[in-house]
Amino acid sequence: MSTAVVWFRKCLRLHDNPALSHACSDPSIDSLLPVFILDPSATGPSFENLGSARLRFLIESLADLDHRLKSKYGGKLLIAQARPLAVFENLVRGHRPGIGLVSSDYCSEPSGRSETAVIQKFFGKHSPKTDVRFHPSTNTLFDLEKTIASPVYKNPKSMRQMESLASSIFGLDGSGFLQLPEPLAEPRGMPPHPEGIGIDSHRSSSFSFHTVRALKQELSSKGFLTPTICTVPFVGGETEALARMKKKVSSQPAFVNAFRKPRTSSTNSPNDPIEPSTTGLSPYLSTGCLSARRIWKEVDHCNRQSNHTKPPESLHGQLLFREMFYLLSRSVVNWDQEDGNPMCKPIDWGDRDEEKLLAWEEGRTGFPYIDAMMRQLETTGWMHHLGRHAVSCFLTRGQLWQHWKHGRDVFGRKLLDSDWALNNANWLWLAGVAPFSMPYFRLYNPCPDGKSSLNVETSTANFIKFWVPELKNFPPRFIYEPHLAPVYVQKKAQCLIGSDYPNPIVDRKKSAKENITKFKLSLAA
DNA sequence: GGATCCGTTGTAGCT
DNA sequence: AAGCTACAACGGATC
C-alpha cells in the first residue's frame, strides 16, 4: 500500500503535467491524493498580495482542475491553507500506511526554490523512504536548471542570442524548426483517492483540508471574491485555456502565421473593448492552466503549413522572449532588485511620491489613455501589451519619475498573467535600466495623436470612452488631451476638465525633457 | 582596438 | 499618405 501525493503548484492542469503523469504511471502507487496549497504567507492573510481579479481567476482554475479530476478519474482536489511544511508534516504523521511518493513541479522563483528545499529536507529527515520528485516544469520550453548549467549557456540579451541558444540546446530538424520535446498527454487513468484522507481527517491547529467549493464559499463570505463581471474575457481553468487556444491559435493558421505584435495603440480587437487582439493566453500560462510546450506545438503546426512571421515578432518569438526572461530571472542574482542586480542600472529615482503613485494606480492622472489602461487593469486584471509599455514608461523614465519597483508591485498584484520572472523583466526593460532595454531617450507618448505613427483609431477612442466614461461625449480629436479642448467643447461634452475629470498631473513635454536629462546624469554619476 | 552596427514595437515634423 | 529625417545619443556585440 503506497500513496502518492501530487502537489499541484505551477501546473493546474491534466495535460503536459509531469508530476501527475509520473504518479499515475508509477506501479507501486495504489492511491493518489491531489493537493493544492494556498500559503497565507505568500498570498497575505487577507490576500492583499493578489488583486481580486487574480484571486478569482485562481479559484476558477482550481474549481476547473477539481472538476476535471472528478469527471475523468473520479478524483478530488483538496485545498490546504497553510505553509507547505505544515501540510506535509501532518500528512506524514497522520497517514499510517506511508506516503510512497510526493510528485510536484519545479518552481524557478526564489520563494518557490526555498519552499522546494524545505520539503526535500523534511522528507530526507523524517520520511527518507518517500520518493520526493520535483519534475522540471513544462511551463517553460527549457529545463531552466539544466540549461543554465550547460557549458554552452551564456545569458542571452537579445532575440538573436536567444535563438542561437535554443538551437544549440534543442537542435533543428530538416525544415529548420526547433526540436522541442513533445508535450505529455493527459494520463489515461489515475489511482483512487486514498482512504482516510478526506475533508475532516486532518483537522489540526495548523490547517485543515477544504474542497474548492468550501474555499470559494469562505472567500466569498469574507468579501474577497468579487463576482465575475462582463468586462473580463478570461475565466480561469484548463478547460477554458484549451478552448481559447483552439479558438485563437489552432483553428487560425492565417492569424498565427501573420502574427506580429501590434504596433499601433489600438488596444483590443476592433470595436471590442473587452477581447484582446492578441491570443490572450498569458493568464493561462502564468496560472499553469496551459503548458508552454503545448502552445509551441500548436504554433509549430500552423507555421509548417505556409509562410509565417519569424522571431522576434512571431508567436514563437513571444514564447522565446518569455523563455529568455525566465532564464535570466534564474541566473541573474537579485533579479527583482536594483541593488546588487548586474542587469539593473542604478538610477536616482528620488523619493516615492505617494500622490503621483496613487493617481497612476487609480487611473486619475488626467491622461485618458493612461487612465483607461489603469482602470481596465484594476477591473479586469488585463492590459494590452502596448498599454503596459505606455503606462510603465509614463510612471518611470517618461513622466512621473518614480522607481520601477512601485509599478512592478502594482502589476504583480493586479495582472492575471502576473509572473515574478516576467514582471520584473518587463519593468527592467521599460524603465530603461536593463542591458536589453531600448535606449532611455526613446519615450512613449502618453497622448499618441493622429500625426504620430500611432494613429487615432475609432477603436482606441471607443476604448478610452469605455473605461473613462467621464469623456464619453468628447470629440475624438481631444480624447487624448481633453484639457486642450475649448471650454465650450467641454461644456457640450458635459465634462469640465479640472472638476469632472482631472487636469494632467504633469506637463508631459516638460517632464519628458527633464527626465531624459536626469537619466543621463544618473548614468554618468 | 576603434569604428560600426544593432536593439521585438519612439516621436515630431516635413513632404 | 507613406516615407524620410532629425532628435538625442546608450552599450554590447561584432568586425
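Keep in mind the model is a prediction, meaning the values are calculated, not measured.

So, how was this worked out
- Residues numbered from 1 in each chain as written.
- Chains lettered and ligands numbered in written order.
- Predicted model: local features only at pLDDT ≥ 70, side-chain atom pairs only at ≥ 80, totals over all residues.
- Heavy atoms only, no water.
- Phe/Tyr/Trp six-rings, centres within 6.5 Å; stacked < 30°, edge-to-face > 60°.
- Lys NZ or Arg CZ within 6 Å of the ring centre and 35° of its normal.
- Axes fitted to C-alpha atoms, helices over the stretch in contact; angles between N-to-C directions.
- Helix = DSSP H or I, 4+ residues; strand = E, 2+ residues; numbered from the N terminus.
- Parallel < 35°, antiparallel > 145°, perpendicular 65-115°, else oblique.
- Contact = heavy atoms within 4.5 Å.
- Nonpolar A, V, L, I, M, F, W, Y, C, P; charged D, E, K, R; others polar.
- Salt bridge = Lys/Arg side-chain N within 4 Å of Asp/Glu carboxyl O.
- Buried < 20%, exposed > 50% of the residue type's maximum accessible area, 1.4 Å probe, protein only.
- 1 Å grid on protein atoms, 1.4 Å probe; cavity = no way out; pocket = protein on both sides within 12 Å on 5 of 7 lines; lining within 4 Å.
- Points joined across faces, edges and corners; volume = space filled by probe spheres on them.
- Domains from an automatic or database assignment.
- Near = heavy atom within 4 Å.
- Pairing = 2+ DSSP bridges.

Moving on: the packing of aromatic side chains. The description of an aromatic ring pair uses the distance of the two centres, along with the angle that the planes make with each other. This model, assessed by the stated rule, comprises 27 aromatic pairs. Between Arg-304 and the ring centre of Phe-177, over which it is positioned, the NZ or CZ distance is 4.1 Å. Its guanidinium or amino end placed over the ring of Trp-382, Arg-388 lies 5.1 Å from that ring's centre, counting from NZ or CZ.

Moving on, we come to the packing of helix α16 (residues 385-398) against helix α21 (residues 508-524). Look at α16 against α21: their axes get within 10 Å of each other, and the N-to-C directions meet at 60°. In terms of their interaxial angle, α16 and α21 are classed as oblique. Two secondary-structure elements touch here, α16 through Thr-396, Arg-397 and Gly-398 and α21 through Ser-511, Ala-512, Asn-515 and Phe-519. Here the residues of the contact of α16 with α21 sort into 2 nonpolar, 4 polar and 1 charged.

What follows covers the pattern of salt bridges. Per the counting criterion, the structure on display carries 29 salt bridges. The shortest N-O distance in the salt bridge between Glu-109 and Lys-10 comes to 2.9 Å. Residue Glu-109 is located in the loop between β4 (99-105) and α5 (110-126), and its partner Lys-10 is located in the loop between β1 (3-8) and α1 (18-25); the two are separated by 99 residues in the primary sequence. With a shortest N-O distance of 3.2 Å, Glu-361 and Arg-413 are connected by a salt bridge. Here Glu-361 is found in helix α14 (residues 354-362), whereas its partner Arg-413 is found in helix α17 (residues 404-414), with 52 residues between them in sequence. For Glu-361, a relative accessible area of 17% puts it in the buried group.

For the rest of this paragraph, the subject is the layout of surface pockets. Estimates place the volume of the second largest pocket at around 1,400 Å³. Lys-10, Ala-42, Arg-54, Glu-109 and Ser-111 are the residues nearest the centre of the second largest pocket, which is lined by 42 residues in total. In terms of residue count, the dominant contributor to the lining of the second largest pocket is α5 (7 residues). Classifying every residue of the lining of the second largest pocket by side-chain character gives 18 nonpolar, 12 polar and 12 charged. Residue assignment places the lining of the second largest pocket across two domains, with domain 1 (3-138 + 204-221) and domain 3 (354-524) each supplying three or more.

Now for the protein's contact with DNA strand C. Near DNA strand C the following residues occur: Lys-157, Gln-161, Lys-345, Tyr-440, Phe-441, Lys-520 and Leu-523. In DNA strand C, atoms within 4 Å of the protein come 88% from sugar and phosphate. In terms of residue class, the surface near DNA strand C is made up of 3 nonpolar, 1 polar and 3 charged.

Spatial strand order, β5-β4-β1-β2-β3-β6: 6 strands in an open sheet with mixed pairing. Every interior strand has two partners, whereas the edge strands, β5 (131-135) and β6 (209-210), have only one. Sheet topology places strand β2 (residues 31-37) next to strand β3 (residues 78-80); 3 bridges connect them, and they run parallel. Within β3, the residue paired with Ile-37 across the bridge is Ala-80.

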